[in-house]
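Close look at the chain arrangement
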Amino acid sequence: MYEAYGETFYQPGVYNIILDPSTIVQLVLLPDLINCFILPPDTLSPGAATYLLDYILMGDPTHTQLLWEGPGISGVSSNVPNPEISLPGWYTLTVTDTISQCASTSFTEVWYLNTNCIDYQSPIPFSDSLSGAPLFCASNLLPYCSSTAGYMADTLSGDTLDNGQWFRFQACESEVVFECFAYNCAQNGGVEVALFFDPDSTGANLQLVSALQPIGNGFTDTLSFSGLTPGAFYLVLIDGVDGDICEFQLTHLSGLSEDMDITAINEVLVDGYIDGPTEVCPFSPTTYTLIPPICEWSITADGNSSCPIPYQQVCGDAPDSILWIYPTAYDTIWTIPDTAAQWLSDSIGSSIMMWFTDTIGGTITAQIVPVLEDSVWIEGSCYVLCGNLIILDLCPKEFSIDVDVIFNIETLPPIGICPGECVDFCGELYCTEGTYSCWDSCTLQLQPVYFLPPQITYYGFVEICQGDCFFWNGQFLCDPGTYDWYGLTYNGCDSLEYIEIQVLPSQTIDLGTISLCEGDCFDWNGQLFCDPGFFTWTEPGPNGCLDEYLLVIEVEPAEVVPITAPTSFTVVPAV
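I will try to describe carefully the structure that is included in this document. This one's a predicted model, so the numbers in the text were calculated from it and none came from an experiment.

Moving on, we come to the overall build of the protein chain. For the protein chain, the count of helices and strands is zero helices and 51 strands. Burial status across the protein chain gives 40% buried among its 575 residues. Within the protein chain, counting contacts between residues at least 6 apart in sequence, those at least 24 apart form 67% of the total.

This part covers the sheet that holds strand E46 (residues 494-504). Adjacent strands of a sheet form backbone hydrogen bonds with each other and so pair up, either parallel or antiparallel. The strand order across the open sheet formed by three strands is E42-E46-E45, and the pairing between neighbours is mixed. A strand with exactly one partner marks an edge of an open sheet, and here the two such strands are strand E42 (455-465) and strand E45 (481-488). Direction aside, the axes of adjacent strands within the sheet are offset by 20° on average. Here E42 runs beside E46; their pairing, made up of nine bridges, is parallel. By the bridge assignment, Phe-461 is partnered in E46 with Glu-500.

Attention now moves to the state of the cysteines. In total, this model carries seven disulfides according to the counting rule given. Note that Cys-185 is cross-linked by a disulfide to Cys-246, the S-S spacing being 2.1 Å. Because the torsion about its S-S bond is 120°, the bridge between Cys-185 and Cys-246 counts as right-handed. You can see Cys-185 sitting in the loop between strand E18 (176-183) and strand E19 (191-197) and its partner Cys-246 sitting in the loop between strand E22 (233-240) and strand E23 (247-254), a full 61 residues away along the chain. Comparing Cys-185 with Cys-246 shows no difference in burial state: the two are buried. Between the sulfur of Cys-521 and that of Cys-530 lies a disulfide, 1.7 Å long from S to S. With the S-S bond torsion at 110°, the cross-link from Cys-521 to Cys-530 turns out right-handed. Judged by relative accessible area, Cys-530 falls into the partly exposed class, the value being 28%. Looking at Cys-180, it has no disulfide partner, and the nearest cysteine sulfur is the one in Cys-246, 9.5 Å off.

Looking now at the environment of Asn-408. Looking at the secondary structure, you find Asn-408 in strand E36 (residues 408-411). Considered as a pair, Asn-408 and Ser-441 are 33 residues apart in the sequence and their alpha carbons are 9.8 Å apart. Other than its neighbours up to four places away in sequence, Asn-408 contacts Cys-442, Thr-443 and Leu-444. Within the structure, Asn-408 has its side chain in polar contact with the side chain of Thr-443 (distance 3.0 Å).

Here we take up the nonpolar core. Within the largest apolar cluster, 28 residues are counted, with the highest numbers of intra-cluster contacts made by Phe-126, Leu-141, Phe-167, Phe-169 and Phe-178. Of all the elements in the fold, those that place two or more residues in this core are strand E17 (165-170), E18, E19, strand E21 (220-225), E22 and E23. Contacts of Leu-141, omitting those with residues within four sequence positions, involve Phe-126, Phe-136, Phe-167, Phe-178, Leu-250, Thr-251, His-252 and Leu-256. In terms of nonpolar packing, the next biggest core, distinct from the first, is built from 18 residues, Ile-274, Leu-290, Ile-352 and Ile-401 among them.

Calculation criteria
Residues numbered from 1 in each chain as written. Predicted model: local features only at pLDDT ≥ 70, side-chain atom pairs only at ≥ 80, totals over all residues. Heavy atoms only, no water. Helix = DSSP H or I, 4+ residues; strand = E, 2+ residues; numbered from the N terminus. Buried < 20%, exposed > 50% of the residue type's maximum accessible area, 1.4 Å probe, protein only. Contact = heavy atoms within 4.5 Å. Pairing = 2+ DSSP bridges. Axes fitted to C-alpha atoms, helices over the stretch in contact; angles between N-to-C directions. Disulfide = S-S within 2.5 Å. Polar contact = N/O pair within 3.5 Å; in protein donor to acceptor, adjacent residues only side chain to side chain. Core = buried A, V, L, I, M, F, W, Y, C linked by side-chain atoms within 4.5 Å.

Quick look at the structure:
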């Protein structure tokens, strides 16, 4: 997980971030890489102590956590860079990045030191099946160092062998003597050795010559097989006791023929190749398959063995050939660009599945690693395949293919969403604003997402008279205050409307008592009051609401004044 520009990213890839209409930032996210291996010693002297060292090949050591596992490692020693060890066995180092939680694991095997063994499984390995047991001469066993680990079970005379190994020899004397040293046994059980007569050189009609002879862990024993027929073929079995896994050293002391030079050269050589596309889309699962090479060797024996037995089987006139097809068994180790690709399958096998997580591209390689324990020699009529084997190996072991990543970028029309809503893009829900990316075949689709603006409507003040109501959005508003209403706009987002109600007051105006003379009237705004009494009426006030008026009219009666007439009149003439 990576956060940038207010967005969270969960997968590596290329992202275009729109900061504003004129600014686009391209963000390239690469997978976190971490790799480690152990700097051993791979040998250990009995009773001594030594140290394992970690080596972080890729990654930042400042935020890594170490975990060691193995014999004798516990507590504090499991987290230190160089734990001290004193026991043989398998040791594991796991390095974890504390930020990304990516981890890398490395293994190493530590054995007790055996200075006698220099070249393990040389020149050819024993077989895990008696039918494929190779023929050995004296020089092959001076000494022969190997391990019982990795050999499959086999069944013989009703007994199941846990990890039996077989090799064949042609006796030159009536007694053949070996020396065997067993060591580094995982269960401290040791190995056991038996000898069988192979009358027809097929392994199908074995006859037991010597019963299993045990050799304990850390012990050396001399194996003497007597009463043998010179020139006849015998099979030797080496098995770990009760499934024990041991290293052993086998040395020939007497009774076998000396070596001869054998040369193997490539006779048939067809190059292999990696089958798969050279142009891919990002994040598109792609399969690559190794078509292995065809390599055949012609094995030529230079003369016969030095064992002077008149009736032994020998090679015909030189050159006599024995065919070996390589590889008979192998692992394929694949490598992909770590900074631009990701595994979708195991990295070992004839085919892999992967995809490119970036647009860089790169080279994919496949390397053939033979599994020596399973190698089988296919022999012809010659039975003297022993001695110093010289292989002129021209067979290719590594193959590669260059891959280009093709893509284009398409910006889709923006999508507006309401706050609190989400949009589905390529199977993911996005609930915030931003530009999101998704690979569709070879096209990087960019999807801008923005919030639709909310709609808020204010209707202002509405004045009503006391006792009146205002009908608004389905409700009667009769009291003063602020009222809101939620609904949906044309684009489906929430809408807020609100209004304020103000109730205007009504007044009661008392005009008091008005006294009138009889026959007079009181004029109030064109309304005449002539009769006595108590009057009430309403009129619109200054604020438009009806005010109540109170008035009392009193009518005073007319006063009668007597008039006395004069007794005489003087008439004055008009002038």
